[in-house]
Amino acid sequence: MIVPLLVLFVLLTGMPSMTPKEIKILAGDMVALPCQGCEELWRIGTKHERHVYNNMSAAEQRRMGVVVLKQNLVILNASVNHEGNYSCSSLNGSSQCFFNLRVYTPQSEEYEEEIMLMHCFTRESCELHCQEKSLEKIFENTNTICHKEDNEAVSAQCYSSNIDMKDSGTYTCIQSYKYEGQLYKKTIRTRLKVHKTVDPPVTATIIKPHNNSVVEVELGSKKEIPCLASPCSAVLHWLSGNSFVDTVESSSIFYKEECNNDSLVATLIFKAVSEKDLSTQYTCKIESEGQSGYVTVSLKKIVMGVTVTVYAKFKIDIILFLRDTVGWFNSTSDGKNYDGFLMCYKSNTDRGLNDQDRKWLESVLEERFGYSLCIFDRDILPGKAVAEAVLDCIEQSRTVVLVPTSPDPHPECGLLSAIHEALVERQTHLVFVNTEVTEDSRSGLLPEALQFLSMTGDCITWKGKRSMALSSSFLKQLRYYLPPPQRTQKLQFLPQTSHVFP
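Summary of the structure given here.

Analysis parameters
- Residues numbered from 1 in each chain as written.
- Predicted model: local features only at pLDDT ≥ 70, side-chain atom pairs only at ≥ 80, totals over all residues.
- Heavy atoms only, no water.
- Helix = DSSP H or I, 4+ residues; strand = E, 2+ residues; numbered from the N terminus.
- Buried < 20%, exposed > 50% of the residue type's maximum accessible area, 1.4 Å probe, protein only.
- Contact = heavy atoms within 4.5 Å.
- Areas by Shrake-Rupley, 256 points an atom, 1.4 Å probe, with all protein chains shown as cover.
- Disulfide = S-S within 2.5 Å.
- Pairing = 2+ DSSP bridges.
- Core = buried A, V, L, I, M, F, W, Y, C linked by side-chain atoms within 4.5 Å.
- Arc of directions from axis to C-beta.
- Axes fitted to C-alpha atoms, helices over the stretch in contact; angles between N-to-C directions.
- Phe/Tyr/Trp six-rings, centres within 6.5 Å; stacked < 30°, edge-to-face > 60°.

**A word on the overall build of the chain**
Each helix and strand in the chain was counted, giving twelve helices and 29 strands. For the chain, the residues scored as buried account for 44% of the 502 residues in total. Looking at the chain alone, contacts between residues at least 24 apart form 72% of all its contacts between residues at least 6 apart. Surface summary for the chain: the accessible area is close to 27400 Å², and the carbon and sulfur share equals 51%.

**Thoughts on the state of the cysteines**
All chains considered together, the criterion is met by four disulfides. Here Cys227 connects covalently by a disulfide to Cys284, the sulfurs 2.0 Å from one another. Disulfide Cys227 to Cys284: torsion about the S-S bond roughly -90 degrees, handedness left-handed. You can see Cys227 sitting in strand 18 (residues 223-230) and its partner Cys284 sitting in strand 23 (residues 282-288), a full 57 residues away along the chain. The pair formed by Cys227 and Cys284 is uniform in burial state, with each residue classed as buried. Here Cys374 is linked by a disulfide to Cys393, with a sulfur-sulfur distance of 2.0 Å. Of the two residues, Cys374 is situated in strand 26 (residues 373-375) and Cys393 in helix 9 (residues 386-396); the sequence distance between them amounts to 19 residues. Assessed through its relative accessible area of 3%, Cys393 is described here as buried.

**Overview of the pairing of strand 28 (residues 429-435)**
In terms of burial, strand 28 is a largely internal element, five of the seven residues being buried. Direction of pairing for strand 27 (residues 399-405) relative to strand 28: parallel, over a ladder of four bridges. Among the inter-strand pairings, Leu402 is bridged to a residue of strand 28, identified as Phe432. For strand 28 and strand 29 (residues 458-462), the ladder comprises five bridges, and the chain directions are parallel. Bridge assignment links Asn434 to a residue of strand 29, and that residue is Thr461.

**A short note on the nonpolar core**
Counting residues in hydrophobic clusters, the biggest one holds 24 residues, and the most contacted among them are Ile225, Leu236, Trp238, Leu268, Phe270 and Leu299. Of all the secondary-structure elements, those providing two or more residues to this core are strand 17 (213-217), strand 18, strand 19 (235-240), strand 21 (253-260), strand 22 (263-270), strand 23 and strand 24 (291-301). At four residues, strand 22 tops the list of elements feeding residues into this core. Judged by nonpolar contacts, the second largest core, of 22 residues, contains Leu361, Leu373, Val433 and Leu475.

**Considerations on the environment of Arg123**
Turning to its location among the elements, Arg123 is positioned in the loop between strand 9 (116-121) and strand 10 (126-127). Between the alpha carbons of Arg123 and Asn162 there is a distance of 4.7 Å; along the sequence they are 39 residues apart.

**Let's talk about helix 9**
Where helix 9 is concerned, the buried positions are Ala389, Val390, Cys393 and Ile394. Projected down its long axis, helix 9 shows its buried positions confined to an angular sector of 140 degrees, all on one face.

**Notes on the sheet that holds strand 29**
Read across the sheet, five strands follow the order 26-25-27-28-29 without closing on themselves; strand pairing throughout is parallel. The two strands at the open ends of the sheet, each matched to only one other strand, are strand 26 and strand 29. With strand direction ignored, the average angle separating the axes of adjacent strands in the sheet is 30 degrees. In terms of strand pairing, strand 25 (residues 340-346) meets strand 27 through six bridges, oriented parallel. Residue Phe341 lies in a different strand from strand 27, and its bridge partner there is Val400. Taken strand by strand, helix 7 (residues 355-368) contacts strand 25, strand 26, strand 27 and strand 29, and its axis lies near 155 degrees from that of strand 26. Across the face of the sheet, helix 9 comes into contact with strand 25, strand 26 and strand 27 while running at roughly 140 degrees to strand 25.

**Some words on the packing of aromatic side chains**
Within the structure shown, the criterion is met by seven aromatic pairs. A centroid spacing of 6.4 Å and a plane angle of 55 degrees characterise the contact between Phe139 and Tyr177, whose relative ring orientation is tilted. Here the residue Phe139 occupies a position in the loop between helix 4 (133-136) and strand 11 (141-148), and Tyr177 occupies one in strand 14 (residues 169-179), the gap between them amounting to 38 residues. Tyr177 carries the same exposure label as Phe139, and that label is buried.

What follows is the structure, encoded as structure tokens:
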């Protein structure tokens, strides 16, 4: 007797006094009316007739274009015949839901009113709202098609990884759902407003030299001191005391400025260092959009006494000997996973390292000298974007070693700008390996991005087979510029007759 009494209540009074939730749906679309917490006792008061849906057979429900699934009344293909007031309640009346369903067409006023508004910003990813959560809880979405209403389809996923101002407009997303072998649809219209991204001001930074640096010079000799800074839009000056240094190359002291890859370098040049220069403080000053900064540099004359001369000549050998024998200069752990990241760049000559040379270098550093290296082909997880993987390696490494390879062009030159920015941001030490170039083998200058990277760190020269001897100047300099290995070294002292690592 409970169900007839409830039906009678609706017939006599219509909808209860509770304000129903208004739902508008495009004709031909699907819609789900949720009835969580109720016993699926559905009633409808349309303009034409009244029904209790959960008393109907499945065939009757299909004939009326509805189905009760997972505590939802789903209208599969909405039409004006489905308009009206809907309600569901528990058998004891403790829980109730009320809806007013209105069906509109593309010719009606509601068509222009029922548009979602969303905002995105240029150069950022943007995904249109094309999900109907109430339907996706019940059915599997088999396909989504998105198109701009004044243009062709823009993408099957209604997604852009790099949105632009021209992408503003009204979009229509059509989702398809399958039920008992039949496809039904849901239309979602979105008006997208794209706003221009306002970039934060770039911090003007002097990368090299460090403040209060002391540069050793020889009297009467030429000396160049580069000042490397970022961004390229900044203004860079050299001062001698409180006076600006000249930019005219005929002067005994001048500086020249160049810019590339958003890096700015002003090189202070002494044609012949004098005694007067030693007592002067030199300042590299940067100015950019109300920001300023500076570093100071002083000159120190090299005193070539016997002890100093011996140390200067054998400095690298002495330091490597102390590292290898008594473990001097081993630093405490800094949380990095690798001592170095070996990364390749395309050589401008045919004298770069081939695959066999590169594998030899990796092996000799790891197996002979105990370094822990991040090697792209070995230590990068598959499926990761190249740029992201390279930056991860830089983050985990104490030093980055750029190695010239022939003829493999990995990585692309376009990635070098991101590498340079990462090195500046993280203050990672860089060792730049270049090739031995003679006039007859010179095939062109290094790309500008590589030129600036070479100025950022320490440079050493690869000389082919001559560099493969364990006592070669190349290996000694590379080990000298690399930090001491953090793990236990595997150094083996070999007979003097063994020069090349097998």
